[in-house]
Amino acid sequence: MTMTSSRPYMIRALYEWIVDNNCTPYLLVNAHATGVEVPQEHINKDGQIILNIAPASVVDLNMLDDSVSFSARFGGVPRQLFIPCYAVLGIYARENGQGMVFEAEAEPPEPPKPPAPSGSDDSDSKRPSLRVVK
């Protein structure tokens, strides 16, 4: 029996543990993995980026079973980031380095699609409407 990846569960659990211990959670990401959307100008020479995902540093943090997404400021400019879970190489506390590094996945699954930007014109969505009920 094949099971789903434990990585998204470990990311969420370690994030909560790090925050509960008043530390700053850092996410280590393979920035060149398929589907990753991060500021390219902040990627290091190894093709990785380290992101501060502390509650005070990000907006709309979403940790799903296939991806991590949030909005953050880089040089004062707000950016929307999207990281498929298979691209997360580790999560750790800045203050003491405690956390977990993940092994590279042999075959990454089909990359998840980033969510459509808010305010986009989606023909499938219906506008809310009101009607008088007597």
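Just so you know, the residues in each chain are numbered from 1, in the order the chain's sequence is written. In keeping with the predicted nature of the model, local features appear solely for residues at pLDDT of at least 70, side-chain atom pairs appear and are counted solely at 80 or more, and the whole-chain, interface and lining totals rest on all residues. Calculation of side-chain values draws on the structure's entire complement of heavy atoms; hydrogens and water are dropped beforehand.

As recorded in an unreviewed UniProt entry, the protein chain goes by the name ClpXP protease specificity-enhancing factor, listed as coming from Gilvimarinus japonicus.

Trainee: Summarise the packing of aromatic side chains; cite the residues concerned and give the values.
Mentor: Any two rings among Phe, Tyr and Trp, with Trp reduced to its six-membered ring, count as a pair given centres within 6.5 Å; such a pair is stacked if its planes are under 30 degrees apart, edge-to-face if over 60, and tilted if neither. Evaluation of the coordinates by the stated rule reveals 1 aromatic pair. The interplanar angle of 75 degrees and the centroid separation of 5.8 Å between the aromatic rings of Y26 and Y92 together place this pair among those described as edge-to-face. Highlighted residues: Y26 in strand β1 (residues 25-30) and Y92 in strand β6 (residues 88-93), separated in sequence by 66 residues. Cation over ring: R12 sits above Y9, and NZ or CZ is 4.8 Å from the ring centre. Runs of E in the DSSP output that reach at least two residues are strands. Runs of H or I that reach at least four are helices, and both are numbered from the N terminus. Charge over a ring is defined by NZ of Lys or CZ of Arg lying within 6 Å of the ring centre and within 35 degrees of the ring normal.

Trainee: Go over the environment of Y9 with me, naming the residues and quoting the values.
Mentor: With respect to the helices and strands, the residue Y9 is situated in helix α1 (residues 7-20). You can call Y9 partly exposed: its relative accessible area is 44%. Residues Y9 and M63, spaced 54 residues apart in sequence, show a C-alpha to C-alpha distance of 9.1 Å. Should any heavy atoms of two residues lie within 4.5 Å, those residues are counted as being in contact. Once residues within four sequence positions are removed from consideration, Y9 is found in contact with T4 and D65. The buried label applies to any residue whose accessible area, calculated with a 1.4 Å probe on protein chains only, is under 20% of its type's maximum; exposed applies above 50%, and partly exposed to all values in between.

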